[in-house]
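Chain residues, written in single-letter form:
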Amino acid sequence: MASYDVIIIGSGPGGYVAAIRCAQLGLKTACVEGRETLGGTCLNVGCIPSKALLHASHMLHEAEHNFAAMGLKGKSPSVDWKQMQAYKQDTIDGNTKGIEFLFKKNKIDWIKGWASIPEAGKVKVGEDIHEAKNIIIASGSEPASLKGVEVDEETVVSSTGALKLDKIPKKMVVIGAGVIGLEMGSIYGRLGAEVTVIEYLDAITPGMDSEVQKTFQRILKKQGLKFVMGAAVQSCEVKNGKATVKYTLRKKETEAEIEADTVLLATGRRPYTGGLGLDKIGVELSERGQIKTGDDWQTNVKGIYAIGDAIDGPMLAHKAEDEGMACAEVLAGNHGHVNYGLIPGVIYTHPEVANVGATEDALKEEGRDYKVGKFSFMGNGRAKANFAADGFVKILADKETDRILGCHIIGPSAGDLIHEVCVAMEFGAAAQDLAMTCHAHPTYSEAVREAALACGDGAIHA
Ligand SMILES: Cc1cc2nc3c(=O)[nH]c(=O)nc-3n(C[C@H](O)[C@H](O)[C@H](O)COP(=O)(O)OP(=O)(O)OC[C@H]3O[C@@H](n4cnc5c(N)ncnc54)[C@H](O)[C@@H]3O)c2cc1C
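Given the structure is predicted, the values throughout are model-derived calculations rather than measurements. (Residues numbered from 1 in each chain as written. Predicted model: local features only at pLDDT ≥ 70, side-chain atom pairs only at ≥ 80, totals over all residues. Heavy atoms only, no water.)

Quick question: what am I supposed to make of the sheet that holds strand E13 (residues 242-249) here?
As a general point, the strands of a sheet are linked pairwise by backbone hydrogen bonds and lie either parallel or antiparallel. Spatially, the 3 strands line up as an open sheet ordered E12-E13-E14, and their pairing is antiparallel. Unpaired on one side and paired on the other, strand E12 (231-239) and strand E14 (254-260) mark the two borders of the sheet. Taken pair by pair, the neighbouring strands of this sheet meet at an average axis angle of 20°, ignoring direction. For E12 and E13, the ladder comprises 8 bridges, and the chain directions are antiparallel. Bridge pairing in E13 places Glu237 opposite Thr244. (Pairing = 2+ DSSP bridges. Helix = DSSP H or I, 4+ residues; strand = E, 2+ residues; numbered from the N terminus. Axes fitted to C-alpha atoms, helices over the stretch in contact; angles between N-to-C directions.)

Laid out in structure tokens, this is it:
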């Protein structure tokens, strides 16, 4: 039996970051992980492998659609799916081994196996019981299920199965037009599949600024993705390796069906707390199965903390990481803080989509006096040169004070561009602060400045 200052359960972005920060702050730290490799959902079956496939398929798209126009002639590359999978696996391995290295460097013990908590201060792994002054649960999440659709990870897959299909399907149905569904749909669409996305609501990517939603859907349609909106999936039957998805069009109350070689169920994720024994020790969960915590990430049981996808808030790796760092600070007797109002969201399609802060719809609903500064990438020289001029930057600012309230970008490198607005908002900046900051030419970031200028006297290149 070993004794620690802190034991962290789960080594995803929440858990491994918490472990590193705890160790850096002088706490004797262990991290339990049930998977074969460190890094959690994100590194093994989430952010990293999906971005590898998005990158490779985007390269193919560029070669097929834009190379000739730039004077790059020759045969279009063909897809070696086995090699693309190997490239994806190499990317995963490089990242998970990197965490292993960081654990060694920071003298963090990796306890291999599945953990349960018999009582506060104790963590059981296999037959061993380890003691800890504090425990952080970072057990993450798992794909949500849908009545009538059984995932077999062959014909009907979750995002995990979708990352390692045997072959590229001819026809793919994606149930759910959220971030994961659209990223995976884009990958297979670019690789040659006929992709149909079925969504229950009338708009894609729920919660996003509605102007961005519309532009995004238009661009995805142009890229060949098909959409069935306002459709409630009733069932999915598999026969001889083919699936038939039946759905009801909610407004018309009519039924329809569609066949596919592969169906991806992407209707969201739910917290994963199985096997921890939380009911026995009385850790409270919300109705949605999230572990309830206070502002310091402590649960109702003293000495047991929780972070990441297992608790409330957006299921994002960087949110989990921020909570991991902040929770470590709390355990070391310092102040830990996460600004939940400024967590950016990014969709890594092409073009990328990124947002931070309030949507225009939310501001309208609040009855707030605001102004909009919008700039199209059509006016950005770099975007035009790179065939990436579809999309815009939209900055929302308080009408009276000019303080930035939100930013929504659809366009090239949106996921990187959003961060200058995050920093500005963290410092309580006005749109004019961004507008007066010199931005190098020619860069995509000039579009952010132009949107800020549009909040004042006007953009230059509009
Ligand atoms: C396909 C896909 C793409 C995604 N892309 C992005 C993206 O681009 N950007 C982004 O921000 N987010 C993305 N996400 C979401 C992101 O992966 C999660 O928000 C993030 O991984 C949450 O981190 P976490 O530390 O809370 O949990 P996880 O990463 O889920 O890690 C939890 C770990 O705990 C382990 N565990 C659970 N219970 C126990 C136990 N009892 N004992 C031992 N170990 C245990 C699990 O094995 C797991 O490894 C994506 C998710 C998916 C599925």
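Help me understand the pattern of salt bridges, please; the structure alone is not making it clear to me.
According to the stated counting rule, one finds 19 salt bridges in the structure shown. Note that Glu211 is salt-bridged to Lys374, the shortest N-O span being 2.4 Å. One end of the pair, Glu211, is in helix H7 (residues 210-222); the other, Lys374, is in strand E20 (residues 370-376), and 163 residues separate them in sequence. Judged by relative accessible area, which is 25%, Glu211 ranks as partly exposed. Ionic pairing is found between Glu360 and Lys394, a salt bridge with its closest N-O pair at 2.7 Å. Of the two residues, Glu360 is situated in helix H10 (residues 360-366) and Lys394 in strand E21 (residues 392-398); the sequence distance between them amounts to 34 residues. Residues Glu360 and Lys394 agree in their burial class; the two are buried. (Salt bridge = Lys/Arg side-chain N within 4 Å of Asp/Glu carboxyl O. Buried < 20%, exposed > 50% of the residue type's maximum accessible area, 1.4 Å probe, protein only.)

Please clarify how the sheet that holds strand E10 (residues 194-198) should be interpreted in this entry.
Pairing within the open sheet is parallel, and its 5 strands lie in the order E8-E15-E9-E10-E11. Single-partner strands in this sheet number two, and they are strand E8 (156-157) and strand E11 (226-228). Alignment of E10 against E11, held across 3 bridges, turns out to be parallel. Bridged to Thr196 within E11 is Lys226.

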